[in-house]
Amino acid sequence: MKDTIDVLELLASQHSEVDGLIEKIEEGQGDRAALFSELADKLAAHATVEEKIFYPGVMSKHTTELLHESVEEHLGIKRVLADMLDLDPDEDEEEFDAKLAFLKEQLTHHAHEEEEGKLFPLVRRELDDDELAALGNEVLALFETLIDQSPRLHVPEETAEAAPLPG
Ligand SMILES: [Fe+2]
Ligand SMILES: [Fe+2]
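Everything quoted here is computed from the prediction, not taken from an experiment.

Q: An account of the packing of helix H1 (residues 7-26) against helix H4 (residues 93-126) is needed here, citing residue identities and associated values.
A: Two measures define how a pair of helices packs: the angle their axes make with one another and the distance between the axes. Where H1 contacts H4, the axes come no closer than 11 Å and their chain directions differ by 165°. Viewed along their axes, H1 and H4 adopt a mutual orientation that is roughly antiparallel. The two elements H1 and H4 meet at a crossing, and its hand is left-handed. Within the contact between the two elements, H1 uses Leu8, Ala12, His15, Val18, Ile22, Ile25 and Glu26 and H4 uses Leu100, Lys104, Leu107, Ala111, His112, Glu116, Phe120, Val123 and Arg124.

What follows is the structure, encoded as structure tokens:
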């Protein structure tokens, strides 16, 4: 039997991982610059797998509005992230912490309220388990490829406009 992973569970677990990293940075546990690089890489790879695989894979007449709003929210998140990548979390502590608090609010809204709260329940109604598993495998494979390539370094190039969606 093939190992499968439900794409919605996978994406939600990536959201939790990001939340955990933000908490560690806020609490000043360990090396803030290293933790922030890890956070920015995970967020960048997460946004890319959603834009390239998940959102196109779940596009329908019921999801299109939420998906278009989602890529705009990603754009906003990438812009804050790009600003933060120019800062030193220790030298520019006040500005960095303010942007981190803003990023956290954006993510709470986008990942928890919009995706987990609205989009994922719609997707669960529209796709069957095999389709969710196929998307999960594809998302995981791309995420694992991207995460080894310092994906945060591409975020500044992605701040001009929202990622395109099919249809
Ligand atoms: Fe997203
Ligand atoms: Fe997400």
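Q: With reference to specific residues and values, describe the packing of H1 against helix H2 (residues 32-58).
A: Across the interface, H1 lies against H2 with an axial gap of 10 Å and an inter-helix angle of 160°. With respect to their mutual orientation, H1 and H2 come out roughly antiparallel. As H1 runs across H2, the sense of the crossing is left-handed. Between H1 and H2, the residues in contact are Val7, Leu11, Gln14, Glu17, Val18, Leu21, Ile22, Lys24 and Ile25 and Arg32, Leu35, Phe36, Glu38, Leu39, Lys42, Leu43, His46 and Phe54, respectively. Among the residues making up the contact of H1 with H2, the classes are represented as 11 nonpolar, two polar and five charged.

Q: Quick one: what's the story with the environment of Gly76, residue by residue and with numbers?
A: Within the secondary structure, Gly76 is located in helix H3 (residues 64-85). Here the alpha-carbon distance between Gly76 and Thr4, two residues 72 residues apart in the chain, equals 32 Å.

Q: Just give me the short version of H3, but keep the residues and values in it.
A: Its 22 residues place the ends of H3 31 Å apart at the C-alpha level, agreeing with the 32 Å of an ideal helix rising 1.5 Å per residue. Taken together, the buried positions of H3 are Leu67, Ser70, His74, Ile77, Lys78, Leu81 and Met84. Buried residues of H3, seen end-on, are gathered within an arc of 115° and therefore sit on one face of the element. Along its buried surface, H3 packs onto H2 and H4.

Q: Which residues make up the nonpolar core, and what values do they have?
A: Grouped together as the largest cluster of nonpolar side chains are 31 residues, with contacts concentrated most on Val7, Ala40, Phe54, Leu81 and Val139. When contributions to this core are tallied by element, the ones reaching two or more residues are H1, H2, H3, H4 and helix H5 (129-147). With 12 residues, H2 is the single largest residue contributor to this core. In this view, Val139 contacts Val7, Leu10, Val49, Ile53 and Phe54; residues no more than four positions away in its chain are not counted.

Q: Explain unusual backbone geometry to me, and be specific about the residues and the numbers.
A: The phi torsion at Ser150 lies on the positive side, around 45°, for a residue other than glycine. Along the polypeptide, Ser150 turns up in the segment after H5. Residue class for Ser150 comes out partly exposed when judged on the 13 C-beta atoms lying within 10 Å of it.

What counts and how
- Residues numbered from 1 in each chain as written.
- Chains lettered and ligands numbered in written order.
- Predicted model: local features only at pLDDT ≥ 70, side-chain atom pairs only at ≥ 80, totals over all residues.
- Axes fitted to C-alpha atoms, helices over the stretch in contact; angles between N-to-C directions.
- Helix = DSSP H or I, 4+ residues; strand = E, 2+ residues; numbered from the N terminus.
- Parallel < 35°, antiparallel > 145°, perpendicular 65-115°, else oblique.
- Left-handed = near helix turned anticlockwise from the far one by under 90°.
- Contact = placed C-beta atoms within 7 Å.
- Nonpolar A, V, L, I, M, F, W, Y, C, P; charged D, E, K, R; others polar.
- Expected span 1.5 Å × (residues − 1).
- Buried ≥ 20, exposed ≤ 12 C-beta atoms within 10 Å, placed from the backbone.
- Arc of directions from axis to C-beta.
- Core = buried A, V, L, I, M, F, W, Y, C linked by C-beta atoms within 7 Å.

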